[in-house]
Amino acid sequence: MKIGKTYWATVVVALIASVGVLCTKPASFPEADYDPRLAGGMATVFDLSSQSFSHPIPGLSAWDSHVHEKGDQIFEQSFVAAPAPLFSGLGPLFNNVSCISCHHNDGKGTPSFGEINSSMLMRVSIPGKDAHGGPVPVPGLGLQIQDRSILGFRPEASISVNYQDSLVRYPDGSTVLLHVPRYAITQPYVALPADLLCSPRMAPPVFGMGLLERVPAEEILAHADPDDVDHDGIKGHPNYVYDPVSGAQVIGRFGLKANVGHLLTQVASAFQQDMGITNSVFPQENSTLQGDGLHDDPELRDSLLNAVKFYVETLAVPARRNVTDAQVKAGEQYFQQIGCAKCHLPTLYTAVDVRFPALSNQRIHPYTDLLLHDMGPALADGRPDYQASGQEWRTAPLWGIGLFPKTNGTPYYLHDGRARSLEEAILWHGGEAATSKNRFLQLSSAQRQAVISFLQSL
Amino acid sequence: MESLSIRLVSLMIGFAVCACTLSGCKKDEENHIINQPALEQQVLDDFVHVVAIPQYAALHAHADSLQQTVNAFMQSPSDLLLQEARNRWRLLRQTWEQCEGFLLGPVEDDEYDPRMDTWPVDYVQMDSLLASNVPLTLQTVQQLDLALRGFHPVEYLLWGKDGNKTAADFTDRQKQYLAALVADLEQNTAQLYQSWISEGGNFAATVIQAGQGSTRYLSRLEAFQAITGAVAGICDEVGNGKIAEPFTRRDSLITESPFSHNSMQDFKNNIIGAQQVYLGDYAGTDGKGLTDLVTLHNVALDNQIRQQFTRAIQSLQQVTLPFEQAIYLQRTQLSRAMEALADLENTLSDDLQTYLQQYVKD
């Protein structure tokens, strides 16, 4: 009898255990069961060339591929002044003439203003909050300075940047020169207010957006720690922003301050603000003072707007390289040990979406928590954006960062491209990241190189 | 005991035989490996010195000669000189489209393509520019938007909207604009050439030193993948973009060189440029190309690629009308060309890339 009881108890325990196993989420599979190269899960592609950010996610249907291709064409297309038979609607005020001019090879670009390959723009506002809690536009300039115009119109201002060197010395005596930017706004179309707030920003890479849009809000919130309950010096909170497409406050995911909630809004706002091309989401020209006088708004057909949104939504993530390299593996450990991974979260999961199998329920490695963190005064722009203070930025995804030299020729890092190397980018970290940065300074030269090698493998 | 030791001996003999066989195989493989790296290096060297740099040199030479003709036309405008300028534009265009067979390096990093080859032409801004008092110099033209610079505004000025412009039709402002645009082209092609040669930006070294200190290509495999990606990319762009888009929409407004009716030539030259990279040949010089690398282990694949190149170029030649008319009147021929380009592109981006991954081990 006694044996019988034990036997049944064992069976019951075994049954419970097996049910438990059946219900287990993929998260609890052992780490070794996953291929660490699959940065975007199923939406990963293997290409080391300059085109490594420019591939569609695997498994698109023939029709979806067609829409992706269409979006790709429009993404690369230079637009021209209205009225024109084709690709009409550029300006009258704009920052650049096509998406690809700033997002070079679907990645980052060049930290300059007003040139044909410039990827920089200057967001502006005056103190306070608008009706939705967002930044208040500058009278006559709006929320962004358009520093170029079609002929016959005047750019809102000229913007220039110059750099001063700043020396960082490691405890072991070696040194690095950081490039400290100074921005100047000249020849403004209207007088600049005394309390003008400015935020220089460089165009970020656009791949993997479909995956990030599908990370559930609960997953983002699970990593937030606004009151630093665990006393590790790292807070992290989401941005909540007004979304004109849904007309609701939503969690912010895109933009360098997570100030945009949905991809369609991001794409539509880039068309209208950066290129002066009106669309159904933003049907007004970007300047109130210098309209084009034409009654052609919205200038961009919805089918094209949606195709471009679809294009960035379905751009795959490049695979990691050299994942078995000893130095890379050591660097990954230091990355964890000195606390980088607390914000640059290696792993997130996307929600189920039956429409896109490659984006659905994926285990991805974006190295971001999509949260806002205080990055210290050196990186601060001093311009609040919804819940983001003037010192806070969204943790930048690190996937693909090792490929920037290939996709961009000369790579630049951080929100305004001030860092010319991954090492410089690390050394700029402050605020909540100060402890990790200081631990990085304490590492030996070989250990620091291992961290860099790890980043280059992303 | 005896039987056990016999078994042991026979086992040992067996191992020895196996080991011999294995080392024999290995030696054979090593022989291949000893020759292959040298060939791989030669392919990279010839891509740079036989194909890329001579083509960029030719590109600059053609831009220079177009500029001279336009300057002569400025001095004494005549229909003869106008015709000469158009011919030289076509020659320049031919070389440029062939150079598009390898869109990698400075041409991509430093935006030479958009600076020289943006379309469509921005009629509104061009008209307001010509009607304005803005001085039309090289310096001012280089400040203009991309759609107001490069091949297509030059084409528009040389041919006019309907392709029947005469020397007498040119206004002074148009002539000044043309001269400045051509000077801009000349400067861009000079800089592009400079960016490759060792006395200039030396992108040549970046390719040649792949796997040996190149910051861009950490292995020769990476360089080959980049070159193959560029070759496949242009086939894709011609088939799925430049032809497919106007063809599907039956819209002759969205063709690339509409004023000179040069589009079919453009397409053909793109594929010839890609073919030159694959073969490692240019202007009568027979260098080592990817073809030689593929022949090492897969003759059938090499045959297939070479045949598909030939078929793609021939199928483009079957289109006898200007593209603007062919999209209405020669749809069968265009369909066949698109099919041939798709086949070629698939083989390059799937089979050739797989082959490289399998066999280039550096």
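Let me sum up the structure you'll find in this document. (Residues numbered from 1 in each chain as written. Chains lettered and ligands numbered in written order. Predicted model: local features only at pLDDT ≥ 70, side-chain atom pairs only at ≥ 80, totals over all residues. Heavy atoms only, no water.)

1. Quick word on the overall build of chain B
Stage number 1. In terms of regular secondary structure, chain B is built from 15 helices and 2 strands.
Stage number 2. Computed over C-alpha atoms, the radius of gyration of chain B comes to 26 Å, more than 25% over the 21 Å expected from 2.2 N^0.38 for 362 residues, which places it beyond the range of a compact globule.
Stage number 3. Each principal axis of the C-alpha atoms in chain B carries an extent, and together these give about 110 × 50 × 30 Å.
Stage number 4. Looking at chain B as a whole, 54% of its 362 residues qualify as buried.
Stage number 5. Sequence separation of 24 or more characterises 78% of the internal contacts of chain B that already satisfy a separation of 6 or more.
Stage number 6. Roughly 15,700 Å² of accessible area belongs to chain B as shown, and the carbon and sulfur atoms make up 52% of that amount.
Stage number 7. In chain B, 25 side chains carry a positive charge and 46 a negative one; their mean positions are 3 Å apart. (Helix = DSSP H or I, 4+ residues; strand = E, 2+ residues; numbered from the N terminus. Rg over C-alpha atoms; globule rule 2.2 N^0.38 Å. Buried < 20%, exposed > 50% of the residue type's maximum accessible area, 1.4 Å probe, protein only. Contact = heavy atoms within 4.5 Å. Areas by Shrake-Rupley, 256 points an atom, 1.4 Å probe, with all protein chains shown as cover. Lys, Arg positive; Asp, Glu negative; His and termini not counted. Charge placed at Lys NZ, Arg CZ, Asp CG, Glu CD.)

2. Thoughts on the nonpolar core
Stage number 1. In terms of nonpolar packing, the biggest core is built from 105 residues, with B:Phe47, B:Tyr177, B:Trp196 and B:Ile271 touching the most fellow members.
Stage number 2. The greatest single-element share of this core, amounting to 15 residues, is contributed by helix α1 (residues 2–75) of chain B.
Stage number 3. When residues no more than four places from it in sequence are discounted, the contact partners of B:Phe47 are B:Ala52, B:Phe102, B:Leu104, B:Trp196, B:Val207, B:Ile227 and B:Val277.
Stage number 4. Grouped together as the second largest cluster of nonpolar side chains are 98 residues, A:Val45, A:Ile57, A:Ala81 and A:Leu345 included. (Core = buried A, V, L, I, M, F, W, Y, C linked by side-chain atoms within 4.5 Å.)

3. Remarks on the packing of aromatic side chains
Stage number 1. All told, the structure shown has 29 aromatic pairs over all chains when counted by the stated rule.
Stage number 2. Arranged with centres 6.4 Å apart and planes meeting at 85°, the rings of B:Tyr123 and B:Phe259 form a pair that is edge-to-face. Here B:Phe259 lies in the loop between α10 (220–249) and α11 (263–279) and B:Tyr123 lies in helix α5 (residues 123–131), a separation of 136 residues in the sequence. Across this residue pair, the class does not change: B:Tyr123 and B:Phe259 are buried.
Stage number 3. For the ring pair B:Tyr278 and B:Phe309, a centre distance of 5.9 Å and an interplane angle of 35° mean the geometry is tilted. Taken together, the residues B:Tyr278 in helix α11 and B:Phe309 in helix α13 (residues 299–317) connect sequence positions 31 residues apart.
Stage number 4. A relative accessible area of 1% means that B:Tyr278 is categorised as buried.
Stage number 5. Residue B:Phe309 is classed as buried on the basis of its relative accessible area, which comes to 1%.
Stage number 6. Among the aromatic residues, those joined into a cluster by ring pairs are A:Phe53, A:Phe207, A:Trp399, A:Phe404 and A:Tyr413. (Phe/Tyr/Trp six-rings, centres within 6.5 Å; stacked < 30°, edge-to-face > 60°.)

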